[in-house]
Number of protein chains: 2
Amino acid sequence: MAEQAGKPGETGADALCDTLLANDVDVCFANPGTSEMHFVAALDRKQQMRCILGLFEGVVTGAADGYARMADKPAATLLHTGPGLANGLANMHNARRAHTPMVNVVGDHASYHLPYDAPLTSDIESLARPMSGFVRRIGSAADVSPATAEAVSAAQRAPGAVTTLILPADYAWGTAPQVAPVKAELRAPTAADPDRVKAAHKALTNGRKTVVLLTGTALRAEALETAQAIADATGATLMAQQSNGRMERGRGRVQINRVPYPVDLAIAALKDFEQIILVGAKFPVVFFGYPDKPSSPVPEGCTSLTLADPSDDLPGALEALADAVGAGKATIPDAPAIPDLATGKLGPESLAITLGHHLPDNAIICDESVTTGRDFFRFTFGAAQHDWLQVTGGAIGGGMPLAVGAAIACPDRKVVNLQADGSAMYTNQALWTMARENLDVCVVIFANRKYQILLGELKGVGAGAPGKNASQMLNLDEPAIDWVSLAKGMGVEAARADTAEGFTDLFARAMKTKGPFLIEASI
Amino acid sequence: MAEQAGKPGETGADALCDTLLANDVDVCFANPGTSEMHFVAALDRKQQMRCILGLFEGVVTGAADGYARMADKPAATLLHTGPGLANGLANMHNARRAHTPMVNVVGDHASYHLPYDAPLTSDIESLARPMSGFVRRIGSAADVSPATAEAVSAAQRAPGAVTTLILPADYAWGTAPQVAPVKAELRAPTAADPDRVKAAHKALTNGRKTVVLLTGTALRAEALETAQAIADATGATLMAQQSNGRMERGRGRVQINRVPYPVDLAIAALKDFEQIILVGAKFPVVFFGYPDKPSSPVPEGCTSLTLADPSDDLPGALEALADAVGAGKATIPDAPAIPDLATGKLGPESLAITLGHHLPDNAIICDESVTTGRDFFRFTFGAAQHDWLQVTGGAIGGGMPLAVGAAIACPDRKVVNLQADGSAMYTNQALWTMARENLDVCVVIFANRKYQILLGELKGVGAGAPGKNASQMLNLDEPAIDWVSLAKGMGVEAARADTAEGFTDLFARAMKTKGPFLIEASI
């Protein structure tokens, strides 16, 4: 038989909320179920906590990812048992690859009920571990506050981690000790290692052609200026990792390209380098292995050394290196002029040009454009300053939820979601949360009505033109998805653009209007 | 460096398709990615395989569940790496609880590429195990056919299992030995155990009040008649498990109730019984533990014995028991008359009455109606004969995908999906597959615009009326989802009913028209 429920305000669930709030975690993205009802009741007693409902768990975890990338602190999530967690795993995977801090709270059956193997019972630990840097099952109502503080600590330990707390229902409803909530231990990133700085300095003067590969906080505007100063002083080239949680870019900022996604382009981009200096970045690998292609695009004989690990103070390491090489002030060249607005057929280039002209100051771009957006950078170096967030783990369905979270974190900034149609479908429920919270998000759906990336890959494997079965699996044109209806169904105003000028009109108008809006760009 | 790709027709991927086809697995629900391109190319060479695209993996696995429940054989699924599998886990969980045979093929990176930890890399085994009865990573191109046959065997071993094969890309593209595909070993269910039959017979004559609890194939029409004959001869009561993969019911068939979902109703339904005989069923447990409520609704002192395990021949065990107790022919009482069609306000009762009157012969009901449909059975005992499929594991989002799969398995039967609005959102992408395949499915959305079940649970935990945060998490009315727009966005014709007579008109018309149709029933 079960324990008695604690008095309202004195339960484990209350301790959970209080501990989150005491540690400055005050946003909870949620999709609750029965086993979380005491948590919901406790949240109802804490008006300082902002609760945001997602109608699917992939929205919840993806939003927590976008939130933390922009707020530089974690959100909590509330997920219902193993299947609810499972639905959130794909975007936890993306968050893990971005080193995003996140505190997932997964409700489970009451501890004494687990041996009965009720229908919803599953092995939550096994599900959580692959996508979490920290997993902890709470052991009692008294354990709730220390366990939560431990999760917040683990989430915020540099560079940040996805953490998962499993909360059995009886510890949520049981009486918790009435003591002050446990404070998380916050550990600053590790300071630059002088030996590594010395080695990088030496490498930069050995005459070999060098690329400095950056990610994480090294892609914030100030750190990029330091990196540019190093490049100016040494002749090294700067490049960002293929996929990055957040880059600060636009007019007046350092112009930096990413390692391209397609394997042949990545090989071409790196072919001339003789050494790589890693600043928080991973040694480059290709996204997928292919017959007759290497697993890394780095040329043979190219050496690599690490200036800083992801858990290090990346801006600090760059500053130390800049000092060592005697770097001056960075030279930021003028951005290439953005071509005139296009008319006629709508395509990747005309879309990018419109972005370049019409992005408002301080916008946040959440990019899951996959094929269409591959070449957007060159037309937006000269756009108004903005942040660019990528889907970092290759798990489909990150874009719209990221936009939800970024908009919650930064209510005064316009969020632009560049979104392929195929991947948008995975978490289309995010549109409803945009409407519910009246988020200032413009979703641009690139409606090519196919899994374009896969049609390319199919060609790549030498399968020839797709036959019936392959077409059936790679084309989305029968029926074509009507994104305007779909968005309206979830309360988001929407319109379709078939021409470059039509798109520019809609986009420019959306940039000047607050609130959610979706543009179906037929390409 | 990678292996050379095998010649088209001679790859591991070809061996996979050939082995599936040789073992009568000829439907593949798919959501492919790059690592599966050789599998897609191989499928393209096998026109006997029917490939059905789902725009989200929860649709794919849920459809495979519905298909196998109706076809009595497994479908294959094609999923893309760890995140793709993760998206399909919730409906694999439901399938596991229904003992549904299923062969999931999860593409992974080429084996030599895994150590590079490319962005999409994750621990697929850890993700798969909680929801799979069998997990096997394929070890070479030559291993593809034996591994696949092993998975098909495991899937079809009584009572059926969800199985997961992990297919590294290089074994899909490598050259497989050109030999006949390996045939699966198919094991029949275990025959009835004479000692158990004897014990059950003895129990049925000991004067204690007895309930015979049935599930699985014991709920097919013929087996139910045998069970009814036993009940007639012994005075025992028949009851179905709370949640069941498939029940055959309707006019002229045995009328049997399920153990109710709400804990208090379950306790009330079982309170008078002194012994339980389990026929493939689990000993009853409540769905969730609650403070001050027991984990099982079975009264103290009530004993239980097992006539047959899920892996046994359940109809055979019932027949043996019928012989032992000297049962005659079953008496099937007339079904209670269905009340006259209602007018005015639309609610659970008027909905059920319309179903009772207008279900066509041989319909398949896929039920994820949660709260609204809880009491539908009593008005449909006298409906035309039909199959009733439930979401068996409590994982949300099973209903519409089940309907997709059932419609693929039984193209000549009308499928009716009774669907709560909240749970419909999780896998709304199923509508697109209904349109794409022109499936004969009528989706009835019970639009109460809230998580009704959770509002009830919140009340149950003594939290009082929901405040701001609780309302924010449990109500779906701001904005209200416009299901007609949503369905049209995915190519499914739809209409809204606000009154009982309006619903009856739409439903009756839908029953007479082929193809997908959605009714938003505002309740």
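Quick notes on the rules
- Residues numbered from 1 in each chain as written.
- Chains lettered and ligands numbered in written order.
- Predicted model: local features only at pLDDT ≥ 70, side-chain atom pairs only at ≥ 80, totals over all residues.
- Heavy atoms only, no water.
- Contact = heavy atoms within 4.5 Å.
- Salt bridge = Lys/Arg side-chain N within 4 Å of Asp/Glu carboxyl O.
- Polar contact = N/O pair within 3.5 Å; in protein donor to acceptor, adjacent residues only side chain to side chain.
- Helix = DSSP H or I, 4+ residues; strand = E, 2+ residues; numbered from the N terminus.
- Buried < 20%, exposed > 50% of the residue type's maximum accessible area, 1.4 Å probe, protein only.
- Least-squares fit on C-alpha atoms with pLDDT ≥ 70 in both.
- Axes fitted to C-alpha atoms, helices over the stretch in contact; angles between N-to-C directions.
- Parallel < 35°, antiparallel > 145°, perpendicular 65-115°, else oblique.
- Nonpolar A, V, L, I, M, F, W, Y, C, P; charged D, E, K, R; others polar.

Novice: I would appreciate a short explanation of the interface of chain B and chain A in the present structure.
Specialist: Interface size, as often reported, equals the accessible area lost upon joining of the parts. Contact with chain B, which involves 106 residues of that partner, is made by 106 residues of chain A. Viewed at the interface, chain A and chain B are joined by four salt bridges. The shortest N-O distance in the salt bridge between Asp117(B) and Lys282(A) comes to 2.8 Å. Viewed at the interface, chain A and chain B are joined by 56 residue pairs in polar contact (both at pLDDT 80 or more). Tallying contributions element by element places helix α4 (residues 81-97) of chain B first for the side of chain B that touches chain A, with eight residues.

Novice: Can you walk me through the pattern of salt bridges in this structure?
Specialist: Opposite charge on two side chains permits pairing when their charged atoms draw close. Applying the stated criterion to the full structure yields 58 salt bridges over all chains. Residues Arg246(A) and Asp72(A) are paired through a salt bridge, measuring 3.8 Å at the closest nitrogen-oxygen approach. Taken together, the positions of Arg246(A) in the loop between β8 (237-240) and β9 (247-249) and Asp72(A) in the loop between α3 (57-71) and β3 (76-80) put the pair 174 residues apart, joining distant regions of the chain. Arg246(A) gets classed as buried once you look at its relative accessible area, which sits at 10%. Arg137(B) is paired through a salt bridge with Asp108(B); the nearest N and O atoms lie 3.0 Å apart. One end of the pair, Arg137(B), is in strand β5 (residues 134-137); the other, Asp108(B), is in strand β4 (residues 102-108), with 29 residues separating them in the sequence. Salt bridges sharing common partners tie together Asp72(A), Arg220(A), Arg246(A), Glu248(A), Asp387(A) and Arg413(A).

Novice: What's the story with the relation of the copies chain B and chain A in this structure? I'm lost.
Specialist: Think of it as a corkscrew move, a rotation about one axis and a shift along it, taking one chain copy to the other. When chain B is fitted to chain A, the best match, at an RMSD of 0.0 Å, comes from turning it 180° and sliding it 0.0 Å along the axis. In the structure described here, the two chain copies are related by an operation that fits a two-fold rotation axis. An overlap of 100% is found between the interface residues of chain B and their copies at the interface of chain A, pointing to a shared contact surface.

Novice: Looking at this structure, how should I read the environment of Arg220(A)?
Specialist: Mapped onto the secondary structure, Arg220(A) falls in the loop between β7 (210-214) and α9 (221-234). Sequence separation between Arg220(A) and Thr234(A) is 14 residues, and the spatial gap between their C-alpha atoms is 21 Å.

Novice: Looking at this model, I keep getting lost on the side chain of Arg220(A). Mind explaining?
Specialist: Look at Arg220(A) and you get buried, because its relative accessible area is 19%. The contact partners of Arg220(A), leaving out residues within four places of it in the chain, are Arg69(A), Asp72(A), Arg246(A) and Glu248(A).

Novice: Would you explain the packing of helix α17 (residues 452-460) of chain A against helix α2 (residues 37-44) of chain B in this entry?
Specialist: For any two helices packed against each other, one specifies the inter-axial angle together with the distance between the axes. Two elements in contact, α17(A) and α2(B), have axes separated by 9 Å at closest approach and are oriented at 75°. Of the possible angle classes, the one that applies to α17(A) and α2(B) is roughly perpendicular. Of the residues in α2(B), those touching α17(A) at Leu454(A), Glu457(A) and Leu458(A) are Met37(B), Val40(B) and Ala41(B). For the contact of α17(A) with α2(B), the per-class residue count stands at five nonpolar, no polar and one charged.

Keep in mind these values describe shape, not function.
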